[in-house]
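Remarks on the overall topology
These are the residues of each chain, in order.
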Amino acid sequence: MTELIVALDEPTFERASAIVDKTCAVANWYKVGYQAFYAYGERIIEALRARGSHVFLDLKLLDIPNTVYAGVQSLARYKPDMLTVHASGGGDMLAAAARARDESKSAGGSMRLLAVTVLTSLSKEELVLAGEDLDPHELVAVRAELAARNRIDGVVCAVDEVSLVMARAADSLLTVCPGIRPAGKTADDQRRVATPMEAAIAGADFIVVGRPITAAADPAAAAAAIQAELRAIKPLPAI
Ligand code: C5P
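A brief report on the enclosed structure follows.

Cut-offs applied
Residues numbered from 1 in each chain as written. Predicted model: local features only at pLDDT ≥ 70, side-chain atom pairs only at ≥ 80, totals over all residues. Heavy atoms only, no water. Near = heavy atom within 4 Å. Polar contact = N/O pair within 3.5 Å; in protein donor to acceptor, adjacent residues only side chain to side chain. Areas by Shrake-Rupley, 256 points an atom, 1.4 Å probe, with all protein chains shown as cover. Nonpolar A, V, L, I, M, F, W, Y, C, P; charged D, E, K, R; others polar. Pairing = 2+ DSSP bridges. Helix = DSSP H or I, 4+ residues; strand = E, 2+ residues; numbered from the N terminus. Axes fitted to C-alpha atoms, helices over the stretch in contact; angles between N-to-C directions. Contact = heavy atoms within 4.5 Å.

Overview of the site of the ligand
In the region of the ligand, 18 residues are neighbours, and Asp9, Lys31, Arg181, Gly210 and Arg211 sit closest. Within the backbone of Gly210, a nitrogen or oxygen atom sits 2.8 Å from an oxygen atom of the ligand. The protein chains hide 88% of the 470 Å² of surface that the ligand would expose on its own. Here the residues of the shell around the ligand are counted per class, giving 9 nonpolar, 3 polar and 6 charged.

What follows is the structure, encoded as structure tokens:
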């Protein structure tokens, strides 16, 4: 079953809490990213915890291994359910993050680490301009394998890369997919987009949805419609 994560990309605690108030009857997971974490992180994490919601801390760590290790250690005190690092930081950096995760688990935490493969806002042309010649799909596959080898729990990827990740990383990785747009909605700055139903059919474990819910006239109705689309798809029985 594909789970919905609502992205709280809001400028103030009050606006983020209002989105949580409106959607918490239909959503159990919330993403706290740069905007929320840097402006009012501790308050919103506490508020989500008090409601029993799951926290996905999307801080996309990228630095030398020692710095990322220390960063994951420091963030463990928030007890996030999931935390992101960039796969482009390399195997040693991923392994260092995994060590800090293991330590937080031994101390009673349950954090899962996700590696961001290739941002869903990047097109093939933009990757080439940034000096990355591999096709985006191939780059996702290479980075997913690197993440799996270094004991990362899952990857962030586009919906049309889920099957590739499952095939190349032997099913061991969770898949978390942003770039979700219900049919007929604007893509905004996203490039590799898919509908909630396409994500569910692809077998994504989680989808991350921001503006289609947070900028909707009725965020609760928008979230409920996405949940209905996800629930309409029954996972294939194991053979
Ligand atoms: O508003 P929208 O639905 O486009 O928001 C998607 C969210 O997912 C944003 O918070 C963005 O930071 C995040 N994200 C993404 N692409 C990635 C990783 C995270 O769009 N590869």
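Once you've had a look at it, read on.
Concerning the sheet that holds strand β1 (residues 3–7)
Here 8 strands make up a closed barrel; going around it, the order is β1-β2-β3-β4-β5-β6-β7-β8 and the pairing parallel. Ignoring which end each strand starts from, the neighbouring axes of this sheet average 25° apart. Sheet analysis places strand β7 (residues 174–177) next to strand β8 (residues 206–209), joined by 2 bridges and oriented parallel. Within β8, the position partnered with Val176 by the bridge is Phe206. Most of the contacts of helix α2 (residues 34–51) go to strand β3 (residues 54–61), to which it runs at about 160°, and overall it touches β2 (29–32) and β3.

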